[in-house]
Number of protein chains: 2
Amino acid sequence: MGTARVDGRVERGNATRRLVLGRTMEIASVEGLGGLSLGRIATELNLSKSGVFALFGSKEELQLATVRAAGSVFAAQVVEPVRDVPPGAGRVAALCASWLAYSRDRTFPGGCFFAAVTAEFDARSGPVHDAIAKAHLDWTAYVEETVREARIAGGLTDGADPAQLAFELIALMELANLYSVLHGDPAAYDRAGTGILSRLRSVATDPAGLPERLGG
Amino acid sequence: MGTARVDGRVERGNATRRLVLGRTMEIASVEGLGGLSLGRIATELNLSKSGVFALFGSKEELQLATVRAAGSVFAAQVVEPVRDVPPGAGRVAALCASWLAYSRDRTFPGGCFFAAVTAEFDARSGPVHDAIAKAHLDWTAYVEETVREARIAGGLTDGADPAQLAFELIALMELANLYSVLHGDPAAYDRAGTGILSRLRSVATDPAGLPERLGG
DNA sequence: CCTACCGATCGGTAGG
DNA sequence: CCTACCGATCGGTAGG
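These numbers come from a predicted model, not from an experiment. All chains use their own residue numbering, which begins from 1 and follows the written sequence. The order in which chains are written sets their letters, starting at A; the order in which ligands are written sets their numbers, starting at 1. For this predicted model, a pLDDT threshold of at least 70 governs which residues receive local features, and a threshold of 80 or more governs which side-chain atom pairs are given and counted, while totals over whole chains, interfaces and linings are taken from all residues. With hydrogens and water excluded, all non-hydrogen atoms of the structure serve as input to the side-chain values.

## Re the relation of the copies chain A and chain B
Each copy superposes on the other: chain A lies on chain B with an RMSD of 0.1 Å after a rotation of 180 degrees and an axial shift of 0.0 Å. Here the symmetry operator amounts to a two-fold rotation axis. Measuring from the rotation axis to each C-alpha of chain A, the shortest distance belongs to Ala 171 of chain A, at 2.5 Å. Residue contacts are counted whenever heavy atoms from the two residues lie within 4.5 Å of one another. With an isologous cut-off of 70% or more, the 100% of interface residues of chain A that recur at the interface of chain B puts this contact in the isologous class. Least squares is the method used to superpose the copies, on C-alpha atoms of residues holding a pLDDT of at least 70 in both.

As structure tokens, then:
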């Protein structure tokens, strides 16, 4: 009986955690992690301020938990859908298309969560900066690895530099997100798609095998 | 004598304005425009809070004045040095090199001021968003125009799409700034320079006339 | 009647 | 998870 009561409380706590993190991800994508406050979250979700505090321990822990939760959403929305695409130029293109869809479809209301919080914390120091920097390095490494696999699989020429190509692809994706959110201009996704396909065609062993457009 | 006294007060007011805006540009490039507070500025600069308030009228006006001041710095640091370079692919390259130097040399301590505040306000609405969005459009239009002039001058092939090329060049510059600030990795500027020159060579009528490296 | 400030304080909210 | 508070600081305004 005592155990059942404790389990019930733990379950309610986890449900409240998910409720809170769903809202903090939304807020942070629009206003940044600095837009989070315990009192505001509590009021919006009909919780007490100290109740939210008890679940996360501090404002910084709430920010870190929000970054972790957004990482899970990113993995599910961007990486997971491409999991079964075989290595090659087509897999690189599919990964970029998946990212553009994640941004365009507003998985988070303010566009890419990480674009928002990375710019917010890039010049600061501390645990939140470090968590965001690690997420950024992980994503960069994943794109580079996808390019490297494509070259090993024979889909890209040996002259393709994985680090350079990944940098250029990510740059195009990031600017599409910024333009779209800042100006409400979805045409930026077409520009990014055009640029990405242009880069890939220039190093693909079978350019004709690539799609004509990306997302759009 | 009465006139001299009034002039002295106006001059002191202008000097204080410049003092305040110099500091708010620094703060905003690191922490965003949300990091500005009248009390903090007053404390740091040994002014009274109400004195700072009297100079700007409201926090939002302080933010808008900071954006305008940063626009002047950007024009002086990025655009002005390239003013006398004749239209052509070399002028486009010089403009990009000027931007990379502006970011690399930390004209603002947190890297490009506009990269920081654009990501902060892109998903919000209001006068500050609008001022930032206009600055972004102006810069984009200036890069496009520089590309267009280069084409008219015969430096770029007729196939070069100014809007697409400007988008790709700006994307590379922006990501170099982000990487450098986030990871303290100056090699990102080399990656951006390599990408920019690669784009320009692919559409230049005289690729050999372009520099071998950009900034670096 | 103007400016560029001052010390003090308004109603509210921050993290804890 | 709650109420009830703390030291401090927020943007903004009072009279002088």
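## Things to note about the packing of aromatic side chains
Aromatic pairing here means that ring centres of Phe, Tyr or Trp (its six-membered ring) are within 6.5 Å. Orientation follows from the plane angle: under 30 degrees is stacked, over 60 is edge-to-face, and everything else is tilted. Going through the model one piece at a time under the given rule, you end up with 17 aromatic pairs over all chains. Arranged with centres 6.2 Å apart and planes meeting at 85 degrees, the rings of Tyr 102 of chain A and Phe 108 of chain A form a pair that is edge-to-face. For the residue pair Tyr 102 of chain A and Phe 108 of chain A, the accessibility class agrees, reading buried in each case. Taking the centre distance of 5.0 Å and the plane angle of 80 degrees together, the rings of Phe 74 of chain B and Trp 139 of chain B count as edge-to-face. You can see Phe 74 of chain B sitting in helix α4 (residues 59-79) and its partner Trp 139 of chain B sitting in helix α7 (residues 127-152), a full 65 residues away along the chain. We note that Phe 74 of chain B, like Trp 139 of chain B, is buried. Think of it in three bands: with a 1.4 Å probe and only protein chains considered, a residue is buried below 20% of the maximum accessible area for its type, exposed above 50%, and partly exposed in between. Working definition: helices are DSSP H or I runs of at least four residues, strands are E runs of at least two. Numbering for both runs from the N terminus.

## A word on the state of the cysteines
Disulfides are defined in this document as cysteine sulfur pairs within 2.5 Å. Taken as a whole, this structure holds zero disulfides over all chains when the rule is applied. Left unpaired, Cys 112 of chain B is separated from the closest cysteine sulfur, that of Cys 96 of chain B, by 13 Å.

## Here's the deal with the nonpolar core
Soluble globular proteins tend to bury their nonpolar side chains together. Nine residue types can take part in a nonpolar core, namely buried Ala, Val, Leu, Ile, Met, Phe, Trp, Tyr and Cys, and a core is a set of them joined through side-chain atoms within 4.5 Å. Grouped together as the largest cluster of nonpolar side chains are 137 residues, with contacts concentrated most on Leu 33, Phe 113 and Trp 139 of chain A together with Leu 33, Phe 113 and Trp 139 of chain B. Other than its neighbours up to four places away in sequence, Phe 113 of chain B contacts Met 25, Ala 28, Ser 29, Leu 33, Thr 66, Val 67, Ala 70, Tyr 102 and Phe 108 of chain B.

## Side note on the interface of chain A and chain B
In this assembly, 36 residues from chain A lie in contact with 36 residues from chain B. Buried area: the accessible area, evaluated with a 1.4 Å probe, that two parts lose upon being put together, summed over both parts. Between chain A and chain B, a total of about 3300 Å² is buried, with carbon and sulfur atoms accounting for 67% of that surface. When residues of chain A are sorted by the area they lose upon contact with chain B, Phe 167, Leu 182 and Arg 191 of chain A head the list and together hold 21% of the total. Should a side-chain nitrogen of Lys or Arg be within 4 Å of a carboxyl oxygen of Asp or Glu, the pair is scored as a salt bridge. If you look at where chain A meets chain B, you find two salt bridges. With a shortest N-O distance of 2.8 Å, Glu 168 of chain A and Arg 199 of chain B are connected by a salt bridge. Counting of polar contacts relies on pairs of N or O atoms within 3.5 Å, with two restrictions inside protein: one atom must be capable of donating a hydrogen and the other of accepting it, and residues adjacent in sequence are counted only when both atoms are side-chain atoms. Linking chain A with chain B are twelve residue pairs in polar contact (both at pLDDT 80 or more), by the criterion used here. Of all the secondary-structure elements, those providing two or more residues to the side of chain A that touches chain B are α1 (2-31), α6 (113-121), α7 (127-152), α8 (162-183) and α9 (187-203) of chain A. In terms of residue count, α8 of chain A provides more of the side of chain A that touches chain B than any other element does, 14 residues in total. A class-by-class count of the residues in the side of chain A that touches chain B yields 19 nonpolar, ten polar and seven charged. In this classification, the charged set is Asp, Glu, Lys and Arg, the nonpolar set is Ala, Val, Leu, Ile, Met, Phe, Trp, Tyr, Cys and Pro, and all remaining amino acids, among them Gly, are polar.

## Describing the protein's contact with DNA strand D
Around DNA strand D, 15 residues are found, and the nearest of them are Ser 48 and Ser 50 of chain A together with Ser 37, Lys 49 and Lys 59 of chain B. Residues are counted as near a molecule or strand when any one of their heavy atoms sits within 4 Å of it. Backbone sugar and phosphate groups make up 51% of those atoms of DNA strand D lying within 4 Å of the protein. Here a phosphate oxygen of DNA strand D sits 3.2 Å away from a polar atom, N or O, in the main chain of Leu 38 of chain B. Among the secondary structure elements, those contributing two or more residues to the surface near DNA strand D are α1 and α3 (49-56) of chain A together with α3 (49-56) of chain B. Residue composition of the surface near DNA strand D, grouped by class: five nonpolar, seven polar and three charged.

## Re the pattern of salt bridges
Residue and element names in this part refer to chain B. Overall, the coordinates contain 20 salt bridges over all chains when judged by the stated rule. Residue Glu 44 pairs with Arg 23 through a salt bridge whose shortest N-O separation is 2.4 Å. Taken together, the residues span a long stretch of sequence, with Glu 44 in helix α2 (residues 38-44) and Arg 23 in helix α1 (residues 2-31) at a distance of 21 residues. Arg 104 is the salt-bridge partner of Asp 105, the closest N and O atoms lying 3.5 Å from each other. When its relative accessible area of 53% is taken as the criterion, Asp 105 is described as exposed. The exposure class assigned to Arg 104 is partly exposed, which follows from its relative accessible area of 30%.

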